[in-house]
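Chain residues, written in single-letter form:
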Amino acid sequence: MSGEPEFRPHRVVVLAMDGLLPFELGIPHRIFGRPRDAEGRPLYEVVTCSIRPAGPVRTDSDFEILVPNGPETLATADTVIVPASYEFGPVYDEGVLTPELASALAHIRPGTRLASICTGVYVLAAAGALDGRPATTHWADAERLQRLFPRIKVDADVLYVDDGDVLTSAGVAAGVDLCLHMLRRDHGTAVANAVARRTVVPPHREGGQAQFIQRPVPEPQLATTTTARAWALDRLHEPIQLRDMAEQEAMSVRTFTRRFREEVGVSPGQWLTQQRVERARQLLESSDLSVDQVARDAGFGTAQSMRQHLQTALGVTPTSYRRTFRARTGNPVAPISA
């Protein structure tokens, strides 16, 4: 006997409920169904289940899907993902689980990671999984979610919220952001980026939901901040001042800051920090540079500054992050098929 633990892919169970949105149902299968290890073994196993015995489940479109697994499959999950549905009924209207849904969720083992896409958050909220926790949903539903579940700390400005063993995302495409984030958390930036490239989506979208909220009187957007962002990304290792970015667009600092928030959803300073954190993650995973050198190359200046920012953003130190992902990706990951 080799003494090595038997390989077992991480099992993701997607809960399909009547009225589901097919696009959201397919997101976990597309993101988690791609990556494989160096020996060609899938890192994840993705299965779909219903809250009823195997059979058809209605969608919000003109077709049904045949779900081969019943609620008992939830007991086998390492991660459970709840996509949105337009037929949540009492869950959405009153914030309470139906007996059928409560019985299904009772199969989930303690310690299982839970995630929701868009209004799937109502299922987690009604089950009490979000009490006292931060969470998000589609910006158009955020206020209602907060009223119905006052114990939740609803953040309507972000694309997703990671609270450790419970994660929630904003509407529709933010489910892609959330699944890529979980993949990045599990196996590192390189694996997540490879899946994003094959899926033809950005590995990490800038900003939050604020950029997608329709204003009563939208201001014409003749000028953008795209050039300034590209300019800054080429110089992350250098000190970058707000006025330097504004000059790239021939705008005043005040106009540039306002336009930047409208387009990206966060301030220029917040965006720069996000990009530097991502750069630091890539270098910690893929290079043998010292922590001090990574800090300089990512634009943090000092290891102490980078340590503080990574602790805030990721909850870990640079050394712990490198140790974790070097251990998980010590062997190269096989090419990802389309």
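Let us look at the pairing of strand S10 (residues 166–169). Of the two faces of S10, both are covered, the one formed by Val166 and Thr168 as well as the one formed by Leu167 and Ser169. Bridging between strand S6 (residues 113–116) and S10 involves three bridges; their strand directions are parallel. Each bridged residue has a counterpart across the sheet, and for Leu114 the counterpart in S10 is Val166. Looking at chain direction, strand S9 (residues 160–162) and S10 are connected through three bridges and run antiparallel. Each bridged residue has a counterpart across the sheet, and for Asp162 the counterpart in S10 is Leu167. Between S9 and S10, which pair antiparallel and follow one another directly, the connecting turn spans three residues, one of which, Gly164, has a positive phi of 85°.

Glancing now at the sheet that holds strand S2 (residues 44–50). Spatial strand order, S2-S1-S5-S6-S10-S9: six strands in an open sheet with mixed pairing. In this open sheet, the two edge strands, each paired with only one partner strand, are S2 and S9. Shown here is a sheet whose adjacent strand axes are inclined to one another by a mean of 15°, direction ignored. Of the pairings in the sheet, the one linking strand S5 (residues 79–82) to S6 comprises four bridges and is parallel in character. Paired with Thr79 across the bridge in S6 is Arg113. Contacting S2, S5, S6, S9 and S10, helix H6 (residues 174–187) runs over the sheet at an angle of about 150° to S10.

This part covers the environment of Glu285. Inspection of the secondary structure puts Glu285 in helix H11 (residues 268–286). The class of Glu285 is buried, set by a relative accessible area of 11%. Glu285 sits 36 residues away from Tyr321 along the chain, and the two C-alpha atoms are 8.1 Å apart. At a separation of 2.7 Å, a polar atom in the side chain of Glu285 contacts the main-chain amide nitrogen of Thr189.

In this section: the pattern of salt bridges. Across all of its chains, the model carries 18 salt bridges by this definition. Among the ionic pairs, Asp186 bridges to Arg113, the shortest N-O distance being 2.9 Å. Residue Asp186 is located in helix H6, and its partner Arg113 is located in strand S6; the two are separated by 73 residues in the primary sequence. One exposure class covers both Asp186 and Arg113, and it is buried. A salt bridge links Arg185 to Asp162, with the shortest nitrogen-to-oxygen separation between them at 2.8 Å. One end of the pair, Arg185, is in helix H6; the other, Asp162, is in strand S9, with 23 residues separating them in the sequence. The exposure class of Asp162 is partly exposed, given its relative accessible area of 29%. Residues participating in the shared-partner salt-bridge network are Asp18, Arg52, Arg58 and Glu87.

How each quantity is defined
- Residues numbered from 1 in each chain as written.
- Predicted model: local features only at pLDDT ≥ 70, side-chain atom pairs only at ≥ 80, totals over all residues.
- Heavy atoms only, no water.
- Buried < 20%, exposed > 50% of the residue type's maximum accessible area, 1.4 Å probe, protein only.
- Helix = DSSP H or I, 4+ residues; strand = E, 2+ residues; numbered from the N terminus.
- Pairing = 2+ DSSP bridges.
- Axes fitted to C-alpha atoms, helices over the stretch in contact; angles between N-to-C directions.
- Contact = heavy atoms within 4.5 Å.
- Polar contact = N/O pair within 3.5 Å; in protein donor to acceptor, adjacent residues only side chain to side chain.
- Salt bridge = Lys/Arg side-chain N within 4 Å of Asp/Glu carboxyl O.

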